[in-house]
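Breakdown of the fold
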Amino acid sequence: MKLTAVALSYDKYRVDKPEAQISLKNGVLNVPALKGTMFQGMFDMKGALDATATPKLTGDVAVSKANIKEALFSTGNINVADGTLDFAMKLAGAGASPFDLVSSLNGNGSLNVANGVVRGFDLKAVSDRLNNINSYLDFIKFLGTSMSGGQTNFSKLAGTFVIDKGVVRTTDLAMQADAATGAGTGTIDLPNWMIDMKADFT
């Protein structure tokens, strides 16, 4: 089957003007190409689902030059509100249930955001205030207000990740921002819905 449409959507994800090629033979669903526009950027995916025994899933996904604000990368009171996103991921897994499938996922990927804005804290203001701390009370007050709002411009936020048995790990997240550089590491445990991330700014 070849498919064109105004849009395809799943949950909060929407691909505009998609063009897809799909084949099904002997219990194997192949999607050699699914292309379109996503988050104002280009979306490209290919994959396969083999249901002849225990279902096996493989897939490659790439998003380029997307608007990260449209992609809704947000958590708590801090969110990436602007920037251009390039994202790529390759994964594979197998399982007789959604939990088993997620628990078996393996793969890798990369993330690159350029010319972005993070809302929720102002690194430049933090840096400027650090130059004017003269007492213990100044430092305590600084800790209470340093993450109270504002925004931080950054030229680059990039990193790679690996997926092993449903756990996403990154060791090289890096941000070049106003008045500071940032480095992040951590894990996202998909089967258990747990995140453990750390970021250091210098």
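The sections below set out a description of the structure shown in this document. Keep in mind that what you see is a predicted model, and the values were worked out from it rather than measured.

Nonpolar side chains collect at one region of the surface, where Tyr 136, Leu 137, Phe 139 and Ile 140 lie side by side and expose about 460 Å² of accessible area between them. Tracing the sequence through the fold places Leu 137 in helix α3 (residues 136-145). By relative accessible area, Leu 137 is classed as exposed at 66%.

Turning our eyes to something else, we now look at the pairing of strand β3 (residues 13-25). Sheet analysis places strand β1 (residues 2-4) next to β3, joined by three bridges and oriented antiparallel. The partner of Leu 3 across the bridge, within β3, is Ala 20. Adjacent in sequence and paired antiparallel, strand β2 (residues 7-10) and β3 are bridged by two residues, among which Asp 11 carries a positive phi angle near 55°. Bridge count between β3 and strand β4 (residues 28-38): seven bridges; the pairing is antiparallel. Residue Asp 16 lies in a different strand from β4, and its bridge partner there is Thr 37. Between β3 and β4, which pair antiparallel one after the other, the connecting turn spans two residues, and Asn 26 there sits at a positive phi close to 50°.

As a further point, take the packing of aromatic side chains. Summed over all chains, the structure comprises one aromatic pair. Aromatic pair Phe 87 and Phe 161: ring centres 6.1 Å apart, planes at 20°, arrangement stacked. Placement of the pair is Phe 87 in strand β8 (residues 78-94) and Phe 161 in strand β10 (residues 151-164), with a sequence separation of 74 residues.

Summed over all chains, the structure comprises two salt bridges. Taking the shortest distance from any N to any O, the salt bridge between Asp 16 and Arg 14 comes out at 2.7 Å. Note on Asp 16: relative accessible area 26%, which makes it partly exposed.

What follows covers unusual backbone geometry. Negative phi characterises most residues that are not glycine, and trans characterises most peptide bonds. Residues other than glycine seldom take positive phi values, yet Lys 65 does so here, at roughly 55°. Its place among the elements puts Lys 65 in strand β6 (residues 56-67). The residue Asn 115 is not glycine, and still its phi comes out positive at about 55°. Summarising the element assignment, Asn 115 is placed in strand β9 (residues 106-119).

Here is what the cut-offs are and how they apply
- Residues numbered from 1 in each chain as written.
- Predicted model: local features only at pLDDT ≥ 70, side-chain atom pairs only at ≥ 80, totals over all residues.
- Heavy atoms only, no water.
- Patch = residues over 30% accessible without salt bridge, like charges linked within 9 Å, V, L, I, M, F, W, Y side chains within 5 Å.
- Areas by Shrake-Rupley, 256 points an atom, 1.4 Å probe, with all protein chains shown as cover.
- Salt bridge = Lys/Arg side-chain N within 4 Å of Asp/Glu carboxyl O.
- Helix = DSSP H or I, 4+ residues; strand = E, 2+ residues; numbered from the N terminus.
- Buried < 20%, exposed > 50% of the residue type's maximum accessible area, 1.4 Å probe, protein only.
- Pairing = 2+ DSSP bridges.
- Phe/Tyr/Trp six-rings, centres within 6.5 Å; stacked < 30°, edge-to-face > 60°.

From the geometry alone we can't say anything about function, so treat these as descriptive.
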